[in-house]
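Per-entry structural report
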Amino acid sequence: MDWHEWHDSYDSPDSYLSRRLATIQDRLRLALNTAPLGPLTAISLCAGQGRDLIGVLAEHPRGAEVRARLVELDERNVAHATEAARAAGLPGVEVVAGDASSTDQYADLAPADLVLACGVLGNITDADVERLLDHCTALCRTGGTLVWTRSRDLATDLVPQVCAWLEERGFERLWVSDPSVPQAVGAHRFTGEQRQLPPGTRMFDFIGYDVLRRT
């Protein structure tokens, strides 16, 4: 899979990616609107070109208050996101080329006020989905918001289970897109007890939805 070329669909307003992006951005705006006053931190795993978070921070009144780290493996996407953040005047946005599954990428920023797991849960095994969601209790501060996505048109509609796993771990459901929408978007607030992010830990193995569909 060419993950740089994959982003081209965002340029079409009628694509499912554009519709999903708009929904994600709505959730991010609401999270920023309701976050406590003062500086905020944000983490984005497998951030791609950062269109979701950068697009919101660029126009939100609190955008300049956010220190964000976007972690992405594809260096072409990293370059795109870096330029987008620079053009938007967002010096607090750092784009890192690296393995988003490593807890070491987030050690100095977690727990964060806002955690994005968008475009991740549909590209890893179900067991790794649960494993990553468990780590979200350390990535996300108590009172912080997790925004996530998961396609419903894989072999199993895992969205109800994603919600169950999160809610078992102290996340409160804020909103989940209607079941009729194939590309689900959800937002959960962490109300549980804060955990320490373990160092040197791999949270998931990124396989790719194209490979998962063939297994």
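Please refer to the structure placed before this passage.
Parameters at a glance
Residues numbered from 1 in each chain as written. Predicted model: local features only at pLDDT ≥ 70, side-chain atom pairs only at ≥ 80, totals over all residues. Heavy atoms only, no water. Helix = DSSP H or I, 4+ residues; strand = E, 2+ residues; numbered from the N terminus. Buried < 20%, exposed > 50% of the residue type's maximum accessible area, 1.4 Å probe, protein only. Polar contact = N/O pair within 3.5 Å; in protein donor to acceptor, adjacent residues only side chain to side chain. Contact = heavy atoms within 4.5 Å. Phe/Tyr/Trp six-rings, centres within 6.5 Å; stacked < 30°, edge-to-face > 60°. Salt bridge = Lys/Arg side-chain N within 4 Å of Asp/Glu carboxyl O.

**Looking at the side chain of His-60**
Residue position: His-60 is located in the loop between α2 (51-57) and β2 (66-72). By relative accessible area, which is 10% here, His-60 ends up buried. A polar atom in the side chain of His-60 sits 3.0 Å from the backbone nitrogen of Arg-62. The residues contacting His-60, other than those within four sequence positions of it, are Arg-29, Leu-32 and Asn-33.

**Considering the packing of aromatic side chains**
By the definition in use, this model includes three aromatic pairs. Centre to centre, the rings of Phe-171 and Phe-190 are 4.7 Å apart; their planes meet at 35 degrees, and the pair counts as tilted. With Phe-171 in strand β6 (residues 171-176) and Phe-190 in strand β7 (residues 183-190), this pair connects stretches of sequence that are 19 residues apart. On the basis of relative accessible area, Phe-171 is assigned to the buried category, the value being 3%. Residue classification places Phe-190 among the buried positions, given a relative accessible area of 1%.

**Section: the environment of Ala-42**
Relative to the elements of secondary structure, Ala-42 occurs in strand β1 (residues 40-45). Measuring from C-alpha to C-alpha, the distance between Ala-42 and Asp-153 comes to 29 Å, with 111 residues separating the pair along the chain. For Ala-42, the contacting residues outside a window of four places in its chain are Leu-53, Val-66, Arg-67, Ala-68, Arg-69, Leu-109, Ala-112 and Leu-114.

**A short note on the pattern of salt bridges**
Enumeration over the complete set of coordinates arrives at 22 salt bridges. Asp-26 is paired through a salt bridge with Arg-29; the nearest N and O atoms lie 3.1 Å apart. Linking Asp-26 with Arg-29, this pair stays in helix α1 (residues 16-34), spanning three residues, or about one helical turn. According to the relative accessible area criterion, Arg-29 is partly exposed, its value standing at 26%. Taking the shortest distance from any N to any O, the salt bridge between Arg-173 and Glu-167 comes out at 2.9 Å. Bridged by salt links that share partners, the residues Glu-130, Asp-134, Glu-168, Arg-169 and Arg-195 form one connected network.

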